[in-house]
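These are the residues of each chain, in order.
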Amino acid sequence: GPKVLQIPSHQIIDMGQMVTLNCDPVSNHLYFYWYKQILGQQMEFLVNFYNGKVMEKSKLFKDQFSVERPDGSYFTLKIQPTALEDSAVYFCASSFGGSSYEQYFGPGTRLTVL
Amino acid sequence: AQKVTQTQTSISVVEKTTVTMDCVYETRDSSYFLFWYKQTASGEIVFLIRQDSYKKENATVGHYSLNFQKPKSSIGLIITATQIEDSAVYFCAMREGYNNNAPRFGAGTKLSVKP
């Protein structure tokens, strides 16, 4: 089936540094999402992106977070500066449409902030 | 605000039996969509099945089916003839229909299927 790719699979950085997580969504999908998961527990919604704009963001999407998808390339999540509590697995997802369309998830990027 | 609750933290069953996982949701919208996903031990998240709020008939896909009880805001996932490989964490999610807000997920239920 359709695949969402995420690069890298694991990233270790020092607190205060910048990190960019990359997502290659399903090619004809129009909606993109980031979720945060700590220790295999709840999937926490971060941000929803469509037509080049942030459609919705949660309280977890701090000012240090930003997303973009320049010219149809990777959909990226940038954290600058990182904090210890940002350590988690970040899942990217995409869907063809909103509302009734299911999401396709990437394998996740495990971010460790030291 | 939309909210999804899964109260069962973990369930253990013997293979080839039937299991039901519970999920209740809160929404102010009259139109919404309910999803179940499976997360395997490797971390992979896979879409399983969907229920549209306006459909009275329970959705069925393979050995997955849903028990949609709209008055109770409940959407249970039923897995019949469970197999060892069904062992995973199952997430319920809801998306409201009148906007394009992202789906919200429950906390998940860990299913262990034993021989």
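For the structure itself, look to the data block above.
Values in this document were obtained by computation on a predicted structure and should not be read as measured data.

The rules behind the values
- Residues numbered from 1 in each chain as written.
- Chains lettered and ligands numbered in written order.
- Predicted model: local features only at pLDDT ≥ 70, side-chain atom pairs only at ≥ 80, totals over all residues.
- Heavy atoms only, no water.
- Helix = DSSP H or I, 4+ residues; strand = E, 2+ residues; numbered from the N terminus.
- Buried < 20%, exposed > 50% of the residue type's maximum accessible area, 1.4 Å probe, protein only.
- Contact = heavy atoms within 4.5 Å.
- Salt bridge = Lys/Arg side-chain N within 4 Å of Asp/Glu carboxyl O.
- Polar contact = N/O pair within 3.5 Å; in protein donor to acceptor, adjacent residues only side chain to side chain.
- Nonpolar A, V, L, I, M, F, W, Y, C, P; charged D, E, K, R; others polar.
- Core = buried A, V, L, I, M, F, W, Y, C linked by side-chain atoms within 4.5 Å.

Participant: Looking at this structure, I do not really get unusual backbone geometry. What am I missing?
Facilitator: Peptide bonds are trans in most cases, and residues, glycine excluded, mostly fall at negative phi. For the bond running from A:Ile7 to A:Pro8, omega is -5°, close enough to zero to count as cis. Tracing the chain through its elements places A:Pro8 in the loop between strand E1 (5-7) and strand E2 (10-13). Of the consecutive residues A:Gln80 and A:Pro81, the connecting peptide bond is found in the cis state with omega at -5°. Within the secondary structure, A:Pro81 sits in the loop between strand E8 (75-79) and strand E9 (88-95). At A:Asn51, a residue that is not glycine, the phi angle is positive and equals roughly 55°. Summarising the element assignment, A:Asn51 is placed in the loop between strand E5 (43-50) and strand E6 (53-57). Residue classification places A:Asn51 among the exposed positions, given a relative accessible area of 58%. One non-glycine residue, B:Ser73, lies in positive phi territory at about 50°. Within the fold, B:Ser73 resides in the loop between strand E8 (64-69) and strand E9 (74-79). Residue class for B:Ser73 comes out partly exposed when judged on its relative accessible area of 25%.

Participant: Would you take a moment to explain the interface of chain B and chain A for this structure?
Facilitator: Interface size is commonly expressed as the accessible area that is lost once the parts come together. At the junction of the two partners, chain B supplies 22 residues and chain A supplies 21 residues. Seen at the junction of chain B and chain A, the total is one salt bridge. Between A:Glu56 and B:Arg104 there is a salt bridge whose closest N-O contact spans 2.6 Å. Counting across the chain B and chain A interface gives eight residue pairs in polar contact (both at pLDDT 80 or more). Ranked by residues supplied to the side of chain B that touches chain A, first place goes to strand E5 (residues 32-39) of chain B with four residues. For the side of chain B that touches chain A, a count of residues per class yields ten nonpolar, seven polar and five charged.

Participant: I would appreciate a short explanation of the pattern of salt bridges in the present structure.
Facilitator: A side chain of one charge can pair with a side chain of the opposite charge when the charged atoms of the two come close. Residue and element names in this part refer to chain A. Inspection of every chain in the model, using the stated rule, returns four salt bridges over all chains. In this structure, Asp-86 engages Lys-62 in a salt bridge whose closest nitrogen and oxygen atoms are separated by 3.0 Å. Highlighted residues: Asp-86 in the loop between E8 and E9 and Lys-62 in the loop between E6 and strand E7 (65-68), separated in sequence by 24 residues. Of the residues examined, Asp-86 reaches a relative accessible area of 1% and is grouped as buried. Take Lys-62: its relative accessible area is 24%, and that puts it in the partly exposed class.

Participant: Would you mind going over the nonpolar core with me for this structure?
Facilitator: Generally speaking, nonpolar side chains in soluble globular proteins are found buried as a group. Core analysis: the biggest nonpolar cluster contains 25 residues, and B:Trp36, B:Ile75, B:Leu77, B:Tyr90 and B:Leu111 have the highest contact counts within it. Elements supplying a minimum of two residues to this core: strand E2 (10-14), strand E3 (19-21), E5, strand E6 (45-52), E8, E9, strand E10 (88-96) and strand E12 (109-114) of chain B. What B:Leu111 contacts, discounting residues up to four positions off in sequence, is B:Ile11, B:Val13, B:Val19, B:Met21, B:Ile79, B:Asp86, B:Ser87, B:Ala88 and B:Tyr90. Counting residues in hydrophobic clusters, the runner-up holds 22 residues, among them A:Leu46, A:Val47, A:Phe49 and A:Val67.

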